[in-house]
Amino acid sequence: MTNKLTTEQASDYNNLEQMSTTELLTNMNTEDKLVPLAIEKAIPSIHKLVDVIHEKMSNGGRLFYIGAGTSGRLGVLDASECPPTYGVSDNWVIGIIAGGDIALRKAVENAEDDTELAWETLKEHDISDKDVLIGIAASGTTPYVIGGMQKAKEQNIVTGCITCNEGSPVALEADFPIELVVGPEFVTGSTRMKAGTAQKLALNMISTTVMIKLGRVKGNKMVDMQLSNKKLVSRGVKMVMDELNIDTELASELLKQHKSVRKSIEAYKEAVK
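Just so you know, these numbers come straight off a predicted model, no measurement behind them.

(A) Region of interest: the UniProt feature "domain: SIS" (unreviewed entry) in the protein. On the UniProt side, "domain: SIS" (unreviewed entry) is annotated at positions that read residues 53-216 here. Summarising residues 53-216: 42% helix, 16% strand, and an end-to-end C-alpha distance of 15 Å.

(B) View of the sheet that holds strand β5 (residues 176-179). Pairing in this open sheet of five strands is parallel, and the strands run β2-β1-β3-β4-β5 from one edge to the other. This sheet does not close on itself; its edge strands, each paired only once, are β2 (93-97) and β5. Here the average twist between neighbouring strands, direction ignored, is 15°. Relative to β5, strand β4 (residues 158-163) is paired through four bridges, and the arrangement is parallel. Within β5, the residue paired with I162 across the bridge is I178. Sheet strands in contact with helix α4 (residues 117-124) are β1 (63-67), β2 and β3 (132-137), and its direction is about 155° off that of β1.

(C) Region of the structure containing the pattern of salt bridges. In this structure the tally under the stated criterion is seven salt bridges. A salt bridge links R216 to D224; its shortest N-O distance comes to 3.5 Å. Under the relative-accessibility criterion, D224 is labelled buried at 13%. Through salt bridges with shared partners, one network takes in R216, D224 and R262.

(D) Summary view of the environment of A171. Within the secondary structure, A171 sits in helix α6 (residues 169-173). Remark: the alpha-carbon pair of A171 and P84, spanning 87 residues in sequence, is separated by 31 Å. The residues contacting A171, other than those within four sequence positions of it, are C161, T163, P177 and E179.

(E) How the structure looks around the pairing of β3. Within β3, six of the six residues are buried, leaving the element largely enclosed by the surrounding structure. Alternating positions in β3 separate into two faces, V132, I134 and I136 on one and L133, G135 and A137 on the other, with burial throughout. As paired elements, β1 and β3 share five bridges and run parallel to each other. Its bridge partner being in β3, G67 is matched across the sheet by I136. Across six bridges, β3 lies against β4 in parallel orientation. In the sheet register, G135 faces β4, and the bridge partner there is C161. Handedness of the crossover joining β3 and β4 through helix α5 (residues 143-154) is recorded here as right-handed.

(F) How the structure looks around the layout of surface pockets. Looking at the largest pocket, its volume works out to about 400 Å³. Lining the largest pocket are 24 residues; nearest its centre among them are A68, G69, T70, S71 and E112. Looking at the lining of the largest pocket, the elements that each hand over two or more residues are α3 (69-86) and β3. Element by element, the count of residues in the lining of the largest pocket is highest for α3, at four residues. Counted by class, the lining of the largest pocket contains ten nonpolar, eight polar and six charged residues. In this structure, the second largest pocket encloses a volume near 240 Å³. Looking at the second largest pocket, it is lined by 18 residues, and the ones nearest its centre are G95, I96, I97, D101 and H125. Put simply, the parts of the chain that give the lining of the second largest pocket at least two residues each are α3, β2 and α4. A breakdown of the residues in the lining of the second largest pocket according to their chemical character gives nine nonpolar, seven polar and two charged.

What counts as what
Residues numbered from 1 in each chain as written. Predicted model: local features only at pLDDT ≥ 70, side-chain atom pairs only at ≥ 80, totals over all residues. Heavy atoms only, no water. UniProt positions renumbered as here; feature names shortened; annotations may be inferred. Helix = DSSP H or I, 4+ residues; strand = E, 2+ residues; numbered from the N terminus. Pairing = 2+ DSSP bridges. Axes fitted to C-alpha atoms, helices over the stretch in contact; angles between N-to-C directions. Contact = heavy atoms within 4.5 Å. Salt bridge = Lys/Arg side-chain N within 4 Å of Asp/Glu carboxyl O. Buried < 20%, exposed > 50% of the residue type's maximum accessible area, 1.4 Å probe, protein only. Right-handed = clockwise from strand over helix to strand, strands pointing away. 1 Å grid on protein atoms, 1.4 Å probe; cavity = no way out; pocket = protein on both sides within 12 Å on 5 of 7 lines; lining within 4 Å. Points joined across faces, edges and corners; volume = space filled by probe spheres on them. Nonpolar A, V, L, I, M, F, W, Y, C, P; charged D, E, K, R; others polar.

Dropping the structure here:
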């Protein structure tokens with residue numbers, strides 16, 4: 001398969017600075033509508049990667065993301081949201097960005113060009129063949145990601161990728177490639193737009209599906225979420241009320257005592273047996 005860098009092709013729109021605000025917003029929205037279609041085409045590929053992640057994590061493995069720039073930030077974002085949403089360890093889903101955490105806010109010069117850096121960081125986390133590594137790269141050509149995936153494969157670590165070009169070097173390195181071909185960006189080459197949106201949707205689908213399959217959701221509720229603020233405590237109380245058909249006062253008392261929606265529900269059901 002030939003490498004078609006559609007993410008670098010010229011925009012289908014020109015003279016953007018001459019467009020009205022309405023024209024700019026409408027045209028961007030028109031382009032954004034293409035993203036779910038690209039995701040739909042990739043569902044079989046996402047399915048394969050989800051199944052292997054579920055298998056590995058069911059046996060004590062972890063999930064790693066590596067990326068640079070927007071792609072790296074999206075991986076870190078997805079990883080950082082798993083503990084509060086599903087009550088899992090911070091060390092279960094790990095996002096790594098080229099240039100380190102400072103790169104979440106500021107661009108780090110040349111970080112994405114270092115082919116050794118990703119693997120050096122992964123080794124600090126004791127990555128092994130129990131784990132899964134997903135490289136995230138819109139272009140599919142990022143040396144930082146390619147280098148990390150090559151080293152991982154040498155250690156028999158399962159690899160996946162999320163990219164927005166067909167037949168890219170990153171996809172060729174991956175055991176389970178996901179190619180989300182959304183076409184040229186509205187602003188030529190600005191892959192934080194459609195490509196970033198597509199990557200975010202795929203990451204949502206992967207981590208959410210894996211967590212559901214690992215039993216971190218009951219019905220449709222986040223029963224293991226961290227009760228870290230008043231809004232989440234209120235949500236937790238309502239979950240307990242709905243699940244057990246009890247009043248607010250009792251649900252609040254159960255949650256205060258057990259510090260967990262799941263534990264509150266289990267304790268009450270055990271008590272009324």
